[in-house]
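Spelled out from the first residue to the last, the chains are:
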Amino acid sequence: MKKVGIIGVGEYLPEKILTNADLEKMVDTSDEWITTRTGIKERHQAAKGEAASDLAFKAAEEALKNAKLKAEDLDLIVVATITGDMPCPSVASILQNKLGAKGAACFDISAACAGFVYGISVAQQFVASATYKNALVVGVEVLTSVTDWQDRNTCVLFGDGAGAVVLSEVKNRGIISTYLGCDGSKLGLLNIPAGGSANPASTETVRNRQHFIKMQGNELFKIAVNTMTRAAEIVLEQAGMTFADVDIIIPHQANARIIMAVAKKLGIPEGRVYLNIERCGNMSSASTVTALCEAVREGRVKKGDIVLLDAFGAGLVWGACVIEW
Ligand code: UT7
């Protein structure tokens, strides 16, 4: 098996910024509540008509440039998203056409906030086995398109964005270990009830606001902390490492309080935790990858560093990954 690593990164956040002050005018909330309960100050919002593939395209172009590759060099495109341009075809197919990555195999992954970790775990197998040489993995969401702007429990949380990485053979250890999991029995805690085959779109589903994200945040909070802690422990054990070996943890950004509780349980100091939730909110599949790309660009991740990705979300799904940069 080949050693597989990330050879290029790129992210894109839509221009429009929605602040907590903007939300104060839309629902009964306050900057104080949002900041203290979540750590979010602002989030990006895609423009009208700006679809997931548009965001993904900009992030992918940047990642290819960073990897010094051309779109034609890609032979696999995997996109993690729960807010694709349309139910069919995949965002990956649309992105392939926009990039001009002719001939690359394409599919989407639906694993919500753990989508990017699922994505690199799957794509890694193809590159490690030499089935494909260069794989593009994107995490992208336009969550504001499925946000209920009348529901203060959820509308203050979500944002839009995209991050992309190129996977290829590397000389160091690259992706050392991945761990994925799911507990489908708790899917009612976080979902979009209508718009699929179980509950197709109708005037009734629209009237009942069933095309928007429904979340029982309070019940998820404790599960998120425990699951992300356990996932990090397992993936490091698989890698034959301890938390002392981790230079930076890049977690899914659902809530700064969740992230800090996980870091505390793991004994990882605050300075080794990367946060972009204050500027971006929760971007589901796009959160972990965007944070990773930003951390690399800012020099927070350096060659030889051990990076721990840790994510949890709707499904309920989780995933963690250890990478030598
Ligand atoms: O993406 C991965 C999966 N998602 C998660 O892991 C999210 C996990 N959950 C959370 O991050 C937090 O539970 C939330 C941020 C969603 C909510 O924070 P909380 O501290 O758990 O608040 P709560 O749901 O227990 O609500 C506390 C109070 C309630 O009022 P009462 O019943 O105590 O009078 C809510 O109605 O806060 C109220 N509330 C708000 N108040 C002002 C809820 N949303 C708001 C709001 N502004 N936006």
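The model shown is predicted, which means the values in this text are computed figures rather than measured ones.

Caption draft 1: Summary view of the nonpolar core. Among the nonpolar cores identified, the biggest contains 45 residues, and L236, L266, I268, L308, F312 and V322 are the most heavily contacted of them. Secondary-structure elements contributing two or more residues to this core are α8 (217–239), α9 (256–266), β12 (306–313) and β13 (317–324). Among the elements that make up this core, the one with the highest residue count is α8 (10 residues). Formed jointly, this core draws a minimum of three residues from each of two domains, domain 1 (4–172) and domain 2 (176–324). Discounting chain neighbours no more than four positions away, the residues touching L308 are A232, V235, L236, V246, I248, I249, I250, I268, C321 and V322. In this structure, V9, L76, L167 and A291 belong to the second largest nonpolar core, which totals 37 residues.

Caption draft 2: Molecular detail of the pattern of salt bridges. One pass over the structure, following the stated rule, counts 10 salt bridges. A salt bridge links D148 to R209; the nearest nitrogen and oxygen atoms lie 2.9 Å apart. Of this pair, D148 sits in the loop between β6 (135–142) and α6 (152–155) while R209 is found in the loop between α7 (203–207) and β10 (214–215), placing the two residues 61 residues apart along the sequence. What makes D148 buried here is its relative accessible area of 5%. For R209, a relative accessible area of 27% corresponds to the partly exposed category. Ionic pairing is found between D183 and K186, a salt bridge with its closest N-O pair at 3.0 Å.

Caption draft 3: Expanded view of the sheet that holds strand β7 (residues 160–169). Spatial strand order, β1-β7-β6-β4-β5: five strands in an open sheet with mixed pairing. Here the strands that pair on one side only, and so sit at the sheet edges, are β1 (4–12) and β5 (105–109). Ignoring which end each strand starts from, the neighbouring axes of this sheet average 20° apart. Docked against the sheet, helix α3 (residues 52–67) engages β1, β6 and β7, running at close to 130° with respect to β1.

Caption draft 4: Structural context of helix α11 (residues 287–297). With respect to burial, α11 is a largely interior element, 10 of its 11 residues being buried. Along α11, the positions that sit buried rather than exposed are S287, T288, V289, T290, A291, L292, C293, E294, A295 and V296. Backbone geometry just after α11 places G299 at a positive phi near 80°.

Caption draft 5: Representation of the packing of α8 against α9 within the structure. Two elements in contact, α8 and α9, have axes separated by 9 Å at closest approach and are oriented at 40°. Of the possible angle classes, the one that applies to α8 and α9 is oblique. Pair α8 / α9 crosses with right-handed handedness. Counting all contacts with α8, which are made through F221, A224, V225, N226, M228, T229, A232 and E233, the residues of α9 involved are R257, I258, A261, V262, K265 and L266. Here the residues of the contact of α8 with α9 sort into nine nonpolar, two polar and three charged.

Caption draft 6: The arrangement of the state of the cysteines in detail. Throughout the structure, instances matching the rule amount to zero disulfides. The closest cysteine sulfur to the non-disulfide-bonded C88 is located on C106, 13 Å from its own sulfur. Given a relative accessible area of 62%, C88 falls into the exposed group. C293 takes part in no disulfide bond, and the closest cysteine sulfur, belonging to C280, lies 11 Å away. Overall, C293 belongs to the buried group, its relative accessible area being 1%.

Caption draft 7: The arrangement of the packing of aromatic side chains in detail. Under the counting rule described, the total for this entry stands at one aromatic pair. Ring centres of F126 and Y132 lie 5.3 Å apart, and the angle between their planes is 45°; this geometry places the pair in the tilted category. Note on Y132: relative accessible area 23%, which makes it partly exposed.

Caption draft 8: Highlighting the layout of surface pockets. For the second largest pocket, the calculated volume is near 210 Å³. If you trace the second largest pocket, you find 15 residues lining it, with I6, I7, N172, K303 and W325 closest to the centre. Going through the elements one at a time, β1 and β13 are the ones with two or more residues in the lining of the second largest pocket. Top contributing element to the lining of the second largest pocket by residue count: β1, with five residues. In the lining of the second largest pocket, the residues fall into eight nonpolar, four polar and three charged.

Criteria and cut-off values
- Residues numbered from 1 in each chain as written.
- Predicted model: local features only at pLDDT ≥ 70, side-chain atom pairs only at ≥ 80, totals over all residues.
- Heavy atoms only, no water.
- Core = buried A, V, L, I, M, F, W, Y, C linked by side-chain atoms within 4.5 Å.
- Buried < 20%, exposed > 50% of the residue type's maximum accessible area, 1.4 Å probe, protein only.
- Helix = DSSP H or I, 4+ residues; strand = E, 2+ residues; numbered from the N terminus.
- Domains from an automatic or database assignment.
- Contact = heavy atoms within 4.5 Å.
- Salt bridge = Lys/Arg side-chain N within 4 Å of Asp/Glu carboxyl O.
- Pairing = 2+ DSSP bridges.
- Axes fitted to C-alpha atoms, helices over the stretch in contact; angles between N-to-C directions.
- Parallel < 35°, antiparallel > 145°, perpendicular 65-115°, else oblique.
- Left-handed = near helix turned anticlockwise from the far one by under 90°.
- Nonpolar A, V, L, I, M, F, W, Y, C, P; charged D, E, K, R; others polar.
- Disulfide = S-S within 2.5 Å.
- Phe/Tyr/Trp six-rings, centres within 6.5 Å; stacked < 30°, edge-to-face > 60°.
- 1 Å grid on protein atoms, 1.4 Å probe; cavity = no way out; pocket = protein on both sides within 12 Å on 5 of 7 lines; lining within 4 Å.
- Points joined across faces, edges and corners; volume = space filled by probe spheres on them.

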